Structure formats: structure tokens, C-alpha cells
Amino acid sequence: MKFLLFLSKFPVLFIILNLCLTLYAESTHEPRKKSWKDKDIRDMTDADLEHILDQWEENEDPLEPDELPEHLRPPAKVDISKIDMSDPDNVLRATKKGKGVMMFVDVRPDVSVDDAKTVMQIWQTSLNNNHIVIERYPIEDRRSIFMFREGSQAVEAKNFLIAQKELQLVTLEGQTFTGQYALDTKQKTEL
């Protein structure tokens, strides 16, 4: 009480003391950090975005196996006893069912570059018309990759391509198949 009477005699001292106490209290009080929910999307870090994604996916139903990416799908069950092991095409059909397969296709060297491009487009269209879905990726003038989402269809495509006049080579799963009308590129060496 005596202190208040003393301060009432000196109001300026009271104001200065009150101001100092207020500044001291504000300086010791740490500012409240913003939670990731209060942040602007442009200020979020990768960890914040990952946290939001985890919350988003938390209550979702799992995807069906056919909707999963290929590397997350459960492998197809292959019954070896029902496969004719004497025919490598049957083995390839059974083991690659539901998997992506790449096939390298080479056009004969005597075919011009423009004709090779046209021929590969025709082959792709012919296979698509036969319900064999492929994607074609040219890698050289006379060479392309044929990508099959359904690997069991690659055998039918290989058999179709081998019978084409403009085909030189087909490489499927590490095996090279020569076209029926392929040029003999082996050079004869005489001793």
C-alpha cells in the first residue's frame, strides 16, 4: 500500500515502471508458432505436404489389385502342371500374363528410313486392330520398342511380326528371333 502511495506522488515513474513490466513480459513470452494447418500452401515444406497426403489417404479404401501399379500388384498364380513345357511360347504366355513386356523390333537395313517408320506404324495399327494393345517407342531409324501392358500378348505379336517381309529381328525377353524374309547379315569368312 505504501508503494502505491509513493507511485501516486510520481505518476511518471508509475507509467515508466508499468511500461517496463509490459515490455519484459512480452519479450519473455515466446511467439506462438503456426501449425502446418495455418500455413499458406506456398510456405509448406515437403514434410507438411506429406503429412496432408497421409491424412487424406488415412480413411480411404484400399485400391483393387487391378488398379494398383504393376510393381504393387500381387503376382498371378501360375500352375506349372498345366503348362506345356515343350512349347516356349506357352511358357512365356503363362509367366508374363498381367505383366508389362518390352519387345525390340528391327526393320531390314535395305528399307528406307521413311518406309521403316511407316511400316512400324502399320504394324502397330494391325496389332491394335487385333486387340493386342501396344505402345511404340522409336529408338533408332529402323528400330523401335514395342511395349505390351499385357505380356501374354507379346507371343502373338512376335509371331505376326516374324511373318512380315520388312522385319529383320525381334528381341523378346532376351531371345532374338529372325524374320522369315530377313537379310543374311552374317559375313562369310574364308580360311
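Residues numbered from 1 in each chain as written. Predicted model: local features only at pLDDT ≥ 70, side-chain atom pairs only at ≥ 80, totals over all residues. Heavy atoms only, no water.

(A) Region of the structure containing the confidence of the model for the protein. Chain-level pLDDT for the protein is 83 on average; 83% of the residues reach the 70-or-more range. Confidence over residues 187–191 falls short of pLDDT 50; this stretch has 0 contacts with residues more than four positions distant or in other chains. (pLDDT = per-residue confidence, 0-100. Contact = heavy atoms within 4.5 Å.)

(B) Expanded view of a nonpolar patch on the surface. A contiguous nonpolar surface patch, about 240 Å² in accessible area, is contributed by Ile-41, Leu-49 and Ile-52. Along the chain, Ile-41 falls in the loop between α2 (11–28) and α3 (46–58). (Patch = residues over 30% accessible without salt bridge, like charges linked within 9 Å, V, L, I, M, F, W, Y side chains within 5 Å. Areas by Shrake-Rupley, 256 points an atom, 1.4 Å probe, with all protein chains shown as cover. Salt bridge = Lys/Arg side-chain N within 4 Å of Asp/Glu carboxyl O. Helix = DSSP H or I, 4+ residues; strand = E, 2+ residues; numbered from the N terminus.)

(C) A look at the environment of Val-155. Counting through the fold element by element, Val-155 comes out in helix α6 (residues 154–162). We classify Val-155 as buried; its relative accessible area is 0%. Sequence separation between Val-155 and Asn-90 is 65 residues, and the spatial gap between their C-alpha atoms is 8.5 Å. Excluding residues within four positions of it along the chain, Val-155 makes contact with Asp-89, Leu-92 and Arg-93. (Buried < 20%, exposed > 50% of the residue type's maximum accessible area, 1.4 Å probe, protein only.)

(D) Layout of the pattern of salt bridges. Overall, the coordinates contain 7 salt bridges when judged by the stated rule. In this structure, Asp-40 and Arg-42 form a salt bridge, with 2.6 Å as the shortest nitrogen-oxygen distance. Of the charged contacts in the structure, one is a salt bridge between Arg-93 and Glu-156, with a shortest N-O distance of 2.9 Å. Remark: Glu-156 occurs in helix α6 and Arg-93 occurs in helix α4 (residues 88–95); sequence separation between them is 63 residues.

(E) Fine view of the pairing of strand β4 (residues 167–172). In terms of burial, β4 is a largely internal element, 5 of the 6 residues being buried. The sheet contact formed by β4 and strand β5 (residues 175–178) spans 4 bridges and is antiparallel. Bridge pairing in β5 links Val-170 to Phe-177. Counted between consecutive antiparallel strands, the loop separating β4 from β5 contains 2 residues, among which Glu-173 sits at a positive phi close to 55°. (Pairing = 2+ DSSP bridges.)

(F) Seen up close, the side chain of Arg-108. Locating Arg-108 in the fold gives a position in the loop between β1 (101–107) and α5 (113–129). A residue is classified by how much of its surface remains accessible, and Arg-108, at 16% relative accessible area, is buried. Of note is the side chain of Arg-108, whose polar atom sits 3.1 Å from the backbone oxygen of Tyr-181. Not counting chain neighbours up to four residues away, the residues in contact with Arg-108 comprise Arg-142, Lys-165, Glu-166, Leu-167, Gln-168, Tyr-181, Ala-182 and Leu-183. (Polar contact = N/O pair within 3.5 Å; in protein donor to acceptor, adjacent residues only side chain to side chain.)

(G) Seen up close, the sheet that holds strand β3 (residues 143–148). Here we have 5 strands laid out as an open sheet, ordered β2-β3-β1-β4-β5, and antiparallel in their pairing. Two strands in the sheet have a free side with no partner beyond their single neighbour: β2 (134–140) and β5. Ignoring which end each strand starts from, the neighbouring axes of this sheet average 20° apart. Running over the sheet, α5 touches β1, β2, β3 and β4 and is turned about 165° from β2. (Axes fitted to C-alpha atoms, helices over the stretch in contact; angles between N-to-C directions.)

(H) Examining the nonpolar core more closely. By size, the foremost hydrophobic cluster in this structure holds 23 residues, and its most contacted members are Met-103, Val-105, Trp-123, Phe-146, Phe-148, Leu-161 and Leu-167. Among the secondary structure elements, those contributing two or more residues to this core are β1, α5, β3, α6 and β4. Once residues lying within four places of it in the same chain are set aside, the contact partners of Phe-148 are Lys-99, Gly-100, Val-101, Met-103, Ile-132, Val-133, Ile-134, Gln-153, Ala-154 and Ala-157. (Core = buried A, V, L, I, M, F, W, Y, C linked by side-chain atoms within 4.5 Å.)

(I) Representation of the packing of aromatic side chains in the model. Following the criterion strictly, the structure yields 0 aromatic pairs and no others. Seen from the ring of Phe-177, Lys-158 lies directly overhead, with NZ or CZ sitting 4.2 Å from the centre. (Phe/Tyr/Trp six-rings, centres within 6.5 Å; stacked < 30°, edge-to-face > 60°. Lys NZ or Arg CZ within 6 Å of the ring centre and 35° of its normal.)

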